[in-house]
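Inside the fold
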Amino acid sequence: MNKHVMNEAIGETRLDRGTQGVIGQGVDRYEGKLKVSGKAPYAYEHLIGEKVAYGFVVPGPIGRARVKSIDTAKARAMPGVLAVVTGDAIMHSSAQPMGPDVPAMKGEIFHYNQPVALVVAETFETARHASHLVEVDYEPLEGHYEMEGRRETGRASDGGPMAADTKRGDFEKAFAASEVQFDRTYTTPSYHAAAMEPHASVAKWDGDQLTVWSSCQLLDLNVKQIANGVGVDASKVRLLSPYIGGGFGSKLGIGPDAVLAALGAREVGRPVKLALTRQNVFQATSRRGETIQRVRIGATKDGRITCFAHETDTPNAEGEGFFEPSGISTVFLYPGDDRLVTHRVVTTDVLTTSAVRAPGEATGMLATESALDELAEQFGIDPIAFRKLNEPEKDPQEDVPFSSRRLLECIDEGARRFGWADRPSKPATRREGEWLVGYGMASASRANSLMASSAEIEMSADGRATVKTSMTDIGTGTYTILQQIAAEMLGLPLDRVDVLLGDTSLPASSGSGGSWGANSAGSSVFVAAEAIVEEFARRLDVDASTLTLKDGHAIAGNRQIPFSEILKRETLTVTGKIEPGDTSDNTNQASYGAHFAEVAVNVTTGETRVRRLLTVGTAGRILNMKTATSQCYGGQIWGIGYALEEELVVDPRSGLIVNHDLAEYHVPVHADVPKLDVVLLEDRDPYASPLAGKGIGELAIAGVGAAINNAVYNATGIRVYDYPITMDKLLPRLPEEVGAAA
Amino acid sequence: MKRNRRAKRSMKLKINGVEHELDIDMRTSLLDACRDHLGLTGSKKGCDHGQCGACTMLVNGRRINSCLTLAVMHEGDEITTIEGIGEPGNLHPMQEAFLHHDGFQCGYCTPGQIVSAVGMLGEVADGWPSHASADVKAGAALSGDEIRERMSGNLCRCSAYPNIVDAIETASAKMKENA
Ligand code: FES
Ligand code: FES
């Protein structure tokens, strides 16, 4: 296998030369025609025409309990019911992305409406009906459903997405001695990923071989989780996820459907299809934990930040190590010699919390970027000038250089394009009819990571290439960018490159998560393509660096040879692998950006409308301008949701997630979203990967809600510390006399 | 009176111009009839409760949430699903526009968005007003605000909304040209 370890900065590559001219271009999605015509098969849509059975989950409507007995007789007596699966192995929520373990119920109810059994029947309608006939007897146990009153029990988890604590110097001492002290507490509610495709699985046994089609992001981990959950060896399981109807972290670990479908299929002796209901998705997969974040900043009188603390309390279920890492950006984004970033996990008996799009940044920067706005105002400094005054030159925690950090350029470019100079200099001073108008801005950053990943390129005798990897495309554009990378590297027109993804029988990949997918899987394709170029050069007896590849021809000196001739009627197959290396340790890598928002707040109702939203970003090489921009729109719109609409409500008495559907959990709709602007600056980060690219999928959500909050303040003079900024929080405090003099 | 316990019934459904004869549970939604029994999986199930629009079909030219209606209620109706709008080799202008404007990411809400958009343009052409219309009697010109209002029953968690609006504007112009 051809392997590249990212130990040093990458030099000039074929991607820079751009001979084929396809890298970076905003070409249409590779699989787009299938998606717009309804022909792309998602998990549930496999085995059409085969005799299958249908599953339906029986939920346990109690917050915390031991199951005394389950009476399935009535359900089983219903004509058309094939089986009722019960037992210890029933998965009660999604698995975490950190390891192969799966949460099995083992006779207990851990959270309200967790799965307790699965009905399998000839039809969906019968399974659904019979699910109501399963009778469960519970012994209620004491449950805790909120952090309130129990925060002192918070534990420092060593099984989370970052270290629980990151410290430098002596924050408390430095803060006590600071000329200016800022101390605010912010809260963010629990959020749900709410991908449009409910988690679904189709499971089929052939003897002891299990095939599962499921909606999953990290196939090589997920296949182990399925094997664990079902109790078989992972070598016996094949997992396929060719199309995924959105993930946003909620499909990093398998959902309960994968194991339940497999158990059901084994019991009834035929394939089982199981799609979670939307209510199951809200109550039996995973969610983002609510946070209580204390931000303390010490500064000099003239506005220089000298110390920074960001302390987060967030919940998870008993024994769960994951926590919402709200301080993840704080560690390197803000200056200060004395630093403190902590996370404490308060155990609650509510649905497990896990990774949702930009774990950490999406919540943490709602707090810190609002704090910076408020602090700048206290100093009487424009928020942009304040950020410039406090831009660190190197990673303030580790003292290593930034691989590249163009935050201030993003801010300047954004300010110019947005017309920041026109911002009302005092809050609550601009009124247009019944609307109070304000501007706000915030920084964006998202830590970058590279993961081990491999891919195969098969060149057929006629000079077509097929990229094969277990990588997934969750809507991010993976199919398309892998096609573009292979085409550019190999000098092939796009229509001569195919991409096969989402199958554990293909070379193991990083999977999709943490915005690492494009860089990691893309680099593996890069490495494989380089090996093909080397082989071509060897066969032509030239140095690879002198070889130009374009439109299916190799050009060496004055020779122009079609690939089919080089391949001599034989298929050429190579595998490439990328691994992270020293550059991950000796540079600090992140994508950066800046958000600018204009909002209007209704002076009578307190309704907030986002009028304009601009994000300027840098994320290294952009592989496809169109899909990258779409990713950023997605982040911006999630920011609108997080700032203004979304809130998963848990009943503190029972543990019920009250708003467990799309009618009551408010994701942004068309009418909530104005025309958006996204500008991605030309950029390269040679330390990040052979592609010189960085993660983009989560950059735009980082901080955008704070830009909206800051604009709401600018419009109304009201600072909101508990998200979302709903009307009830503004109404009682709306100013009476705005603009009367104007 | 003894309840009729026979849950199955044979029914005829005309979908994308093709007659299908089915013998299925009377509780089967139009959406599930297509997805589970006819191999027409283009229409998606996002909620099964009329909250997301992923299942949008046209019934006699009008858009409906097919998860909220029983198949058995649609004998004699002309039903159009995404498969009847256009195919990969022969895309409808709306599908072309979604493709070129990147009006989708994961693609799961997309068939619903596209069918809904086609139905919506019909409503506008027929002079139906919306909440965004300045004058409910005057009919409506197609503006960005009109599109956003009229498409708000189709959720997209990937949040392709800006591109969807652009796609609908492009397709609408193209369809007028073709008409
Ligand atoms: S599936 Fe019909 S509206 Fe959601
Ligand atoms: S494209 Fe994914 S939900 Fe709309």
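Residues numbered from 1 in each chain as written. Chains lettered and ligands numbered in written order. Predicted model: local features only at pLDDT ≥ 70, side-chain atom pairs only at ≥ 80, totals over all residues. Heavy atoms only, no water.

Labelled according to an unreviewed UniProt entry, chain A appears under the name Xanthine dehydrogenase family protein molybdopterin-binding subunit, originating from Jiella endophytica.

1. Some details on empty space enclosed by the protein
Any empty space left between the atoms is revealed when a probe the size of a water molecule rolls over them. All names here are of chain A. Applying the stated rule across the entire model yields two cavities of 30 Å³ or more. Estimated volume of the largest cavity: approximately 70 Å³. Surrounding the largest cavity, I305, L333, Y334, P335, L372, R387, N390, E391, R405, L407 and S443 form its lining. Per-class residue counts for the lining of the largest cavity are six nonpolar, two polar and three charged. The calculated volume of the second largest cavity comes to roughly 50 Å³. If you go around the second largest cavity, the residues you meet are Y186, S370, A371, E374, N709, N710, Y713, R719, V720 and Y721. Taken together, the elements giving at least two residues each to the lining of the second largest cavity come down to α10 (361–379) and α18 (704–716). (1 Å grid on protein atoms, 1.4 Å probe; cavity = no way out; pocket = protein on both sides within 12 Å on 5 of 7 lines; lining within 4 Å. Points joined across faces, edges and corners; volume = space filled by probe spheres on them. Nonpolar A, V, L, I, M, F, W, Y, C, P; charged D, E, K, R; others polar. Helix = DSSP H or I, 4+ residues; strand = E, 2+ residues; numbered from the N terminus.)

2. Examining the sheet that holds strand β3 (residues 65–71) of chain A
All names here are of chain A. Spatially, β5-β3-β7 is the arrangement adopted by the three strands of the open sheet, whose pairing is antiparallel. Because the sheet does not close on itself, it has two edges, and the strands there are β5 (108–109) and β7 (135–140). Relative to β5, β3 is paired through two bridges, and the arrangement is antiparallel. Its bridge partner being in β5, A65 is matched across the sheet by I109. (Pairing = 2+ DSSP bridges.)

3. Description of the interface of chain B and chain A
Many analyses report the size of an interface as the accessible area lost when the parts associate. Taken residue by residue, the interface counts 55 residues in chain B and 60 residues in chain A. The largest per-residue losses of area from chain B upon contact with chain A belong to Q105, R157 and Y161 of chain B, which jointly make up 18% of the total buried on that side. Counting across the chain B and chain A interface gives five salt bridges. R157 of chain B is paired through a salt bridge with E646 of chain A; the nearest N and O atoms lie 2.8 Å apart. Taken together, chain B and chain A are joined by 28 residue pairs in polar contact (both at pLDDT 80 or more). (Contact = heavy atoms within 4.5 Å. Buried area = accessible area lost by both parts, 1.4 Å probe. Salt bridge = Lys/Arg side-chain N within 4 Å of Asp/Glu carboxyl O. Polar contact = N/O pair within 3.5 Å; in protein donor to acceptor, adjacent residues only side chain to side chain.)

4. Thoughts on the nonpolar core
By size, the foremost hydrophobic cluster in this structure holds 146 residues, and its most contacted members are I457, M459 and F536 of chain A together with I168 of chain B. Sorting elements by how many residues they give to this core places helix α14 (residues 517–540) of chain A first, with 12 residues. Beyond its immediate stretch of four places on either side in the chain, M459 of chain A contacts R464, A465, L490, L492, I532, F536, F563, L567, E570, T571 and L572 of chain A. F56, A95, A121 and L260 of chain A belong to the second largest nonpolar core, which has 64 residues in total. (Core = buried A, V, L, I, M, F, W, Y, C linked by side-chain atoms within 4.5 Å. Buried < 20%, exposed > 50% of the residue type's maximum accessible area, 1.4 Å probe, protein only.)

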